[in-house]
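Listed below are the residues making up each chain.
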Amino acid sequence: MLPTPVRNGVRNFFSNVADLFIGANNLLQGKPEEALTDWMRFAFNTTFGVVGIADWATDMGLEKHNEDFGQTFGRWGVGSGPYIVLPFLGPSTARDSVGTVFDMHFDPVSNHDPVDERNAAIALRITSQRADLLEASRLLEQASLDPYLFVRDAYLQRRRSLIYDGRPPREPLSRANPPAGE
Amino acid sequence: MLRSIERAVAGVALAAAATLAGAAGVDTSPDELVKQVTLEVVSIIKSDKDIQSGDRKKIVGLIEAKVLPHFDFTSMSATAVGLGWRKATPDQKLRLTEEFKTLLVRTYASALAAYSQQRFDFRPLHARPSDTDVTVQVRIIQPGTQPVSIDYGMEKTASGWKAYDVVVGGVSLVANYRTEFSNIVRAEGIDGLIRNLQAKNESLSQSEEPGKK
């Protein structure tokens, strides 16, 4: 386990690299303003945040987004397809797996040369993401009677929410909620 | 040290009781209520070394005293169980609600402990004064990751606003239990579901014994 400041720095660094690619996905989804925010984040954090180790853009009110090719395909109207659990990568769907292949193909870290630096960077990123995931998966396991079903349903709900940027059309699941006047 | 924590917890319990008893709690707007309760609980967590070092009993006690009175657990249980709820007897409903409540409080306590060091952004409420069912939005801002959204589905009752669902990062806690609950009810009935919840809660409370995290 790495000390917290180091962990945050590593997480911020990879988060900053990802912002370039998140902006591209926002553009593909027809959201140029969000794309602009992502690239402004990248510009600020790369320079003032010392190659992205500090995330000052968040403090300045430039919000971090969450986008990938799976969401872009979903935005274009592609259905999720069956739920699957991928080795090493965890919960996914047919659509999101194809998205992941595209994500990897366009990922700046995976395309980095020389190969030994690239491999070291990928290993470090996986370690950083695992540390964050551990906390979340402990919580899910604690909360559920059937972890497989709980993780599946949470994944599907989460992806649906992400595709609609947190405002999915209401399902008739819980209650009829009057629109909150947005 | 210990005594000051006991005093803090007792104070919280008193404050919660006072809020419940007084008319002030009934008149508080839902977004104001969420803000008050969240800030108060977070500030207690921040000033309590025991909770920070993983004393689960203490944080569960804090949640029970401070947060629990503002939730409608009967409604949450009914929604999570779905169709099977109508066939349950009043006694089964009571026992099921009690077990589900215990499980949710534990989960909520862990989540809150994990996020207590972060910055909270309380969103303005978009609702008319006549609305009796609203969504209160809170976001947790953290560097390097997308903010975590927490939406509270809240309903106006005779004893003030009560939350009937918590949606974390787009995942409705209550809706997420639907599939597993209905599977168990189909196979083992309502009593089977109650037994499963009891077993889960017992195994969780064993891992909370002092000396363990």
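No experiment lies behind these values; they were computed from the predicted model shown.

1. Some words on the overall build of chain B
Check the secondary structure of chain B and you find nine helices and five strands. Taking all 213 residues of chain B together, 48% fall into the buried category. Here the contacts in chain B between residues at least 6 apart in sequence split such that 57% fall between residues at least 24 apart. Surface summary for chain B: the accessible area is close to 10,200 Å², and the carbon and sulfur share equals 55%.

2. Quick notes on the interface of chain A and chain B
Many authors give the size of an interface as the accessible area that is lost as the parts come together. Contact residues are listed per partner, giving 37 residues for chain A and 43 residues for chain B. Buried surface at the junction of chain A and chain B, summed over both partners, amounts to about 3,300 Å²; 50% is from carbon and sulfur atoms. For the interface between chain A and chain B, the tally reads two salt bridges. Across the pair D59 of chain A and R119 of chain B runs a salt bridge whose closest N-O atoms are separated by 3.9 Å. Applying the counting rule to chain A against chain B returns eleven residue pairs in polar contact (both at pLDDT 80 or more). Contributions of two or more residues to the side of chain A that touches chain B are made by α1 (4-28), α3 (56-59), α6 (115-143) and α7 (147-163) of chain A. Taken together, the residues of the side of chain A that touches chain B sort by class into eleven nonpolar, twelve polar and 14 charged.

3. A short note on the nonpolar core
Ranked by size, the top nonpolar core spans 53 residues in total, and within it I63, Y152, M154 and Y177 of chain B carry the most contacts. Excluding residues within four positions of it along the chain, M154 of chain B makes contact with P30, L33, V34, T132, D133, V134, V136, W161, K162, A163 and Y164 of chain B.

4. A look at the pattern of salt bridges
Proximity of charged atoms lets side chains of opposite charge pair with each other. Under the counting rule described, the total for this entry stands at 21 salt bridges over all chains. Here E67 of chain A and K31 of chain A are joined by a salt bridge, their closest N and O atoms 3.1 Å apart. Linking E67 of chain A in the loop between α3 and α4 (69-75) with K31 of chain A in the loop between α1 and α2 (32-47), this pair joins segments that are 36 residues apart in sequence. A salt bridge links E63 of chain A to R139 of chain B; the shortest N-O distance between them is 2.9 Å. Highlighted residues: E63 of chain A in the loop between α3 and α4 and R139 of chain B in strand β2 (residues 133-141), drawn from two different chains. What makes R139 of chain B buried here is its relative accessible area of 16%. The structure contains a network of salt bridges with shared partners spanning D19, R41, D55 and K64 of chain A.

5. Things to note about the packing of α1 of chain A against α2 of chain A
Residue and element names in this part refer to chain A. Close contact between α1 and α2 brings their axes to 8 Å; oriented N to C, the two are set at 160 degrees. Regarding the angle of α1 to α2, the classification is roughly antiparallel. Crossing of α1 against α2: the hand is left-handed. Counted together, S15, N16, V17, D19, L20, I22, G23, A24, N26 and L27 of α1 and P32, E34, A35, D38, W39, R41, F42, N45 and T46 of α2 form the full contact between these two elements. The residue inventory of the contact of α1 with α2, partitioned by class, reads nine nonpolar, six polar and four charged.

6. Concerning the packing of helix α6 (residues 73-81) of chain B against helix α9 (residues 178-206) of chain B
All names here are of chain B. Contact geometry for α6 and α9: axes closest at 9 Å, N-to-C directions at 100 degrees. When the axes of α6 and α9 are compared, the pair comes out roughly perpendicular. For the pair α6 and α9, the contacting residues are T79, A80 and V81 in the first and R178, F181, I190 and L193 in the second. Class assignment for the residues of the contact of α6 with α9 results in five nonpolar, one polar and one charged.

7. A closer look at unusual backbone geometry
Residues and elements named next belong to chain A. The omega torsion across D113 and P114 is 0 degrees, close enough to zero to call that bond cis. Tracing the chain through its elements places P114 in the loop between α5 (94-106) and α6. The backbone of V51 sits at a positive phi, close to 45 degrees, despite the residue not being glycine. Mapped onto the secondary structure, V51 falls in the loop between α2 and α3. Taking relative accessible area as the criterion, V51 reaches 45% and is therefore assigned partly exposed. A positive phi is found at D165, a non-glycine position, where the angle reads about 50 degrees. In this structure, D165 sits in the segment after α7. On the basis of relative accessibility, which here comes to 28%, the residue D165 falls in the partly exposed class.

8. Description of the domain arrangement of chain A
All names here are of chain A. Split into domains, chain A comes out as domain 1 (1-67) and domain 2 (68-167). Of note, the centres of domain 1 and domain 2, computed from C-alpha atoms alone, are 18 Å apart. In this complex, domain 1 contributes 13 residues to the contact, which on the side of domain 2 involves 19 residues. Summed over both sides, the interface of domain 1 with domain 2 buries roughly 1,500 Å², with 61% coming from carbon and sulfur. Ranking the residues of domain 1 by area buried against domain 2 places F14, F21 and Q29 at the top, with a combined share of 35%. Where domain 1 meets domain 2, there are one salt bridge. The salt bridge involving K31 is made with D165; its shortest N-O contact spans 2.5 Å. Our enumeration of links across domain 1 and domain 2 arrives at five residue pairs in polar contact (both at pLDDT 80 or more). In terms of residue class, the side of domain 1 that touches domain 2 is made up of six nonpolar, three polar and four charged.

9. Thoughts on the sheet that holds strand β5 (residues 171-172) of chain B
All names here are of chain B. Within the open sheet, the five strands sit side by side as β1-β2-β3-β4-β5. Their pairing is antiparallel. In the strand order of this sheet, the two ends are held by β1 (119-122) and β5, each with one partner. In this sheet, β5 lies alongside strand β4 (residues 160-168) in antiparallel orientation, the contact comprising two bridges. Within the sheet, the bridge partner assigned to V168 lies in β5 and is V171.

Conventions and cut-offs
- Residues numbered from 1 in each chain as written.
- Chains lettered and ligands numbered in written order.
- Predicted model: local features only at pLDDT ≥ 70, side-chain atom pairs only at ≥ 80, totals over all residues.
- Heavy atoms only, no water.
- Helix = DSSP H or I, 4+ residues; strand = E, 2+ residues; numbered from the N terminus.
- Buried < 20%, exposed > 50% of the residue type's maximum accessible area, 1.4 Å probe, protein only.
- Contact = heavy atoms within 4.5 Å.
- Areas by Shrake-Rupley, 256 points an atom, 1.4 Å probe, with all protein chains shown as cover.
- Buried area = accessible area lost by both parts, 1.4 Å probe.
- Salt bridge = Lys/Arg side-chain N within 4 Å of Asp/Glu carboxyl O.
- Polar contact = N/O pair within 3.5 Å; in protein donor to acceptor, adjacent residues only side chain to side chain.
- Nonpolar A, V, L, I, M, F, W, Y, C, P; charged D, E, K, R; others polar.
- Core = buried A, V, L, I, M, F, W, Y, C linked by side-chain atoms within 4.5 Å.
- Axes fitted to C-alpha atoms, helices over the stretch in contact; angles between N-to-C directions.
- Parallel < 35°, antiparallel > 145°, perpendicular 65-115°, else oblique.
- Left-handed = near helix turned anticlockwise from the far one by under 90°.
- Domains from an automatic or database assignment.
- Pairing = 2+ DSSP bridges.

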